[in-house]
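# Remarks on the overall topology
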Amino acid sequence: MIKILFVCLGNICRSPMAEFIFRDMAEKRGLGGQFTVASAAISSEELGNPVYPPAKRKLYSLGIDCSGKRARQMRREDYREYDLLLGMEQRHLNQMRRICGGDPEGKIHLMLEHSPHPHDIDDPWYTDDFDTACAEIQEGCGQWLDALAGETLPE
Ligand code: 4NP
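Residues numbered from 1 in each chain as written. Predicted model: local features only at pLDDT ≥ 70, side-chain atom pairs only at ≥ 80, totals over all residues. Heavy atoms only, no water.

### Thoughts on the site of the ligand
The environment of the ligand is made up of C8, L9, G10, N11, I12, C13, R14, E45, E46, D123, W125 and Y126. Contact distances for the ligand include 2.8 Å between an oxygen atom and a side-chain N or O atom of R14. In isolation the ligand exposes 350 Å². Once the protein is present, 94% of that is buried. Spatially, the ligand is embedded in the largest pocket. Residue composition of the shell around the ligand, by class: six nonpolar, two polar and four charged. (Near = heavy atom within 4 Å. Polar contact = N/O pair within 3.5 Å; in protein donor to acceptor, adjacent residues only side chain to side chain. Areas by Shrake-Rupley, 256 points an atom, 1.4 Å probe, with all protein chains shown as cover. 1 Å grid on protein atoms, 1.4 Å probe; cavity = no way out; pocket = protein on both sides within 12 Å on 5 of 7 lines; lining within 4 Å. Sits in = over half its atoms within 2 Å of the grid points. Nonpolar A, V, L, I, M, F, W, Y, C, P; charged D, E, K, R; others polar.)

### Describing the packing of aromatic side chains
Applying the stated rule across the entire model yields four aromatic pairs. Their ring planes at 50 degrees and their centres at 5.8 Å tell us that F6 and F22 sit as a pair that is tilted. Pair noted here: F6 is in strand 1 (residues 2–8) and F22 is in helix 1 (residues 14–28), with a separation of 16 residues, a long-range link. Each ring, one from Y52 and one from F130, has its centre 6.1 Å from the other, and the planes form 35 degrees; the classification is tilted. Residue Y52 is located in the loop between strand 2 (35–41) and helix 2 (53–61), and its partner F130 is located in helix 6 (residues 130–152); the two are separated by 78 residues in the primary sequence. Taking the relative accessible area as the measure of exposure, Y52 reaches 29% and is therefore partly exposed. (Phe/Tyr/Trp six-rings, centres within 6.5 Å; stacked < 30°, edge-to-face > 60°. Helix = DSSP H or I, 4+ residues; strand = E, 2+ residues; numbered from the N terminus. Buried < 20%, exposed > 50% of the residue type's maximum accessible area, 1.4 Å probe, protein only.)

Just distances and angles here, no functional claims.
Here's what the structure looks like:
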């Protein structure tokens, strides 16, 4: 079992999309039982709020229902609880390391780390471009799933 926490600024757009898309992809590849996924915010701005409607609509268009999700803030204990903590932007990684008191086990990584040109996933809350954010999140989820699937399968 691999436990993954997706992290963004508010936990109402990018990281919930990543959480739900990753879970859906893993299930469709028959690997649902191999992963536990969740998402959290760096900021306290949106705590308790549901997924932002345009992000919710993107997920719905993919056949994914995220209606139960509420924003929660990342805690220091998450570092012990999760095997991988994936941030959407490089600057999130610094904030995540600060929350966790460093990254002694190398668990904190960028969502698009496996892309040919690793880069941030821009905040659709500001860009209003949920199509690009969703496509990049799908790309990142697929790449992480490819990278991790071998580790979860029996010899
Ligand atoms: P997210 O987008 O980090 O992708 O969830 C944001 C949503 C809300 C805020 C910032 C980013 N906000 O400042 O309220």
